[in-house]
Amino acid sequence: MLLRFIYLFIGLWLPLLAHAFDLNEFSESFTRHVAKELDKHSVPGGAYAIVKDNEVVALNTFGYTDKNKSQAINEHTIFRLASVSKPFAATLTTMLAQEHRLSLSDPITKYVPEFSLAKSGAAEKIQLHHLLSHSSGLMPNAYDNLLHENWSMEKIISRFKRIKPICQPMRCYGYQNIAYGFLQPAIEASQSKSYEALLDERIFTPLKMEDASTGIEVFLTENNTAKPHILINRINTGRKDQQGNTIKQYVWRTVDVEPDYYKVAPAAGVNASINDMAKWLIANLGYQPEVLTPQLIEQLTTPRIKTRKELRRKYWREYLDDAHYGYGWRIYQVNDHTIIYHSGWVAGFRADIGYAPELGIGFAMLINAESNVINKLSSQFWSQVHQLSSKT
């Protein structure tokens, strides 16, 4: 990983993919494929971006902000990122740790003193780095269901005293949202600024992510936002496509933006456009070292805990050789290449982002419907890119 950045700074990185394959030609055919799949699933709108090194190779938008086709999606249309917010939280936390404003070895009870577990002393063993890597030992998605209720975070936190850990920290993987939200008080304790202000100051503004924001209040005041859609029916048309598969009609309903996961901003509170995501990819590929240093990126993308369940993930299971979680990022192994990746899903929205450091390629996709077609398209993109690159 460190060697990659040495190549970058001494000028050897740029030629590595110069003659690998025609990414522009590939993106043209991929655009047609994406349009076909989104139409097939009746997804109201979406957008994707492909970057190569420090350039945007493709940025394409599809459809409309809602099913009534009142406004076309463009490169500045804002979507909810859902769990694609986690890499931002992890980046900010690790950045502050490298500046010695906090320590990743701090127990979470230092910042959330009311947090306790049924087993005496167990809560005090959970440190910030365990939250970053989902290796806290808590049962997966602990109390996520309560985010849908009209409960305060204080009341939700009080419920943790009823449960015991399922393992010691760093001994098992358990994906979290509420516990990931505990990063916010740690970040805010590092200086007298809000989490939202620090994200803007340290990441959004320096990377010129002009459409990016945090929180439901900002999202609701913007004019150019994608509206969420949930599936209400899947109709069998009785017809088949050229491959003999049954053609289905997908019926979506526009719904209100839900405040639930916005309560845990580090886990799911970021809003952004596809234009923002392209800039975020370029930075994570190492081309904004004054914002994301090589040392920071290396620490974020070091595998911390194995995630065996990911190897059975629909569509991806055909291609994955191995899977881990780092700090805020998943680390996938596909055809001997590493993909730094995350996906997101909240009511009415899906998001996907990933980049391959060895290839210098990044891909992000946002849609305003809860369709698993994004999973299919993202896995197909990376499979095809790795197949094409291996032939050169």
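Predicted, not measured: the structure shown is a model, and the values here were computed from it.

A complete count under the given rule lists one disulfide for this structure. The residue that forms a disulfide with Cys167 is Cys172, at a sulfur-sulfur distance of 1.9 Å. Of note, the bridge from Cys167 to Cys172 carries an S-S torsion of about -85° and is left-handed in sense. Residue classification places Cys167 among the buried residues on the basis of a relative accessible area of 18%.

What follows concerns the nonpolar core. Counting 95 residues, the largest nonpolar core has Phe115, Phe160, Phe182, Ile203, Met277 and Trp280 as its most contacted members. With nine residues, the top contributor of residues to this core is helix α12 (residues 274–287). For Met277, the contacting residues outside a window of four places in its chain are Leu81, Val84, Ala272, Ile353, Ala364 and Leu366. Val34, Ala356, Ala369 and Val373 belong to the second largest nonpolar core, which has 32 residues in total.

What the rule picks out here adds up to 21 aromatic pairs. Taking 5.4 Å as the distance between ring centres and 65° as the angle between the ring planes, the aromatic pair formed by Phe115 and Phe160 counts as edge-to-face. Separated by 45 residues along the polypeptide, Phe115 in the loop between α3 (86–98) and α4 (122–125) and Phe160 in the loop between α6 (153–158) and α7 (178–181) bring together distant segments of the chain. The buried category is assigned to Phe115, whose relative accessible area is 2%. Among the aromatic residues, those joined into a ring-pair cluster are Phe26, Phe30, Tyr48, Phe62, Phe363, Phe381 and Trp382. The ring of Tyr327 carries Arg304 above its face, with NZ or CZ at 4.1 Å from the centroid.

Moving on, we get to unusual backbone geometry. As a rule of thumb, non-glycine residues mostly have phi less than zero, and peptide bonds are mostly trans rather than cis. The phi torsion at Asn141 lies on the positive side, around 50°, for a residue other than glycine. Here Asn141 shows up in the loop between α5 (128–132) and α6. Exposure remark for Asn141: the relative accessible area of 34% places this residue in the partly exposed category. Of note, Asn335 is a non-glycine position whose phi angle comes to about 50°, a positive value. With respect to the element layout, Asn335 can be found in the loop between β10 (330–334) and β11 (337–346).

About the criteria used
- Residues numbered from 1 in each chain as written.
- Predicted model: local features only at pLDDT ≥ 70, side-chain atom pairs only at ≥ 80, totals over all residues.
- Heavy atoms only, no water.
- Disulfide = S-S within 2.5 Å.
- Buried < 20%, exposed > 50% of the residue type's maximum accessible area, 1.4 Å probe, protein only.
- Core = buried A, V, L, I, M, F, W, Y, C linked by side-chain atoms within 4.5 Å.
- Helix = DSSP H or I, 4+ residues; strand = E, 2+ residues; numbered from the N terminus.
- Contact = heavy atoms within 4.5 Å.
- Phe/Tyr/Trp six-rings, centres within 6.5 Å; stacked < 30°, edge-to-face > 60°.
- Lys NZ or Arg CZ within 6 Å of the ring centre and 35° of its normal.

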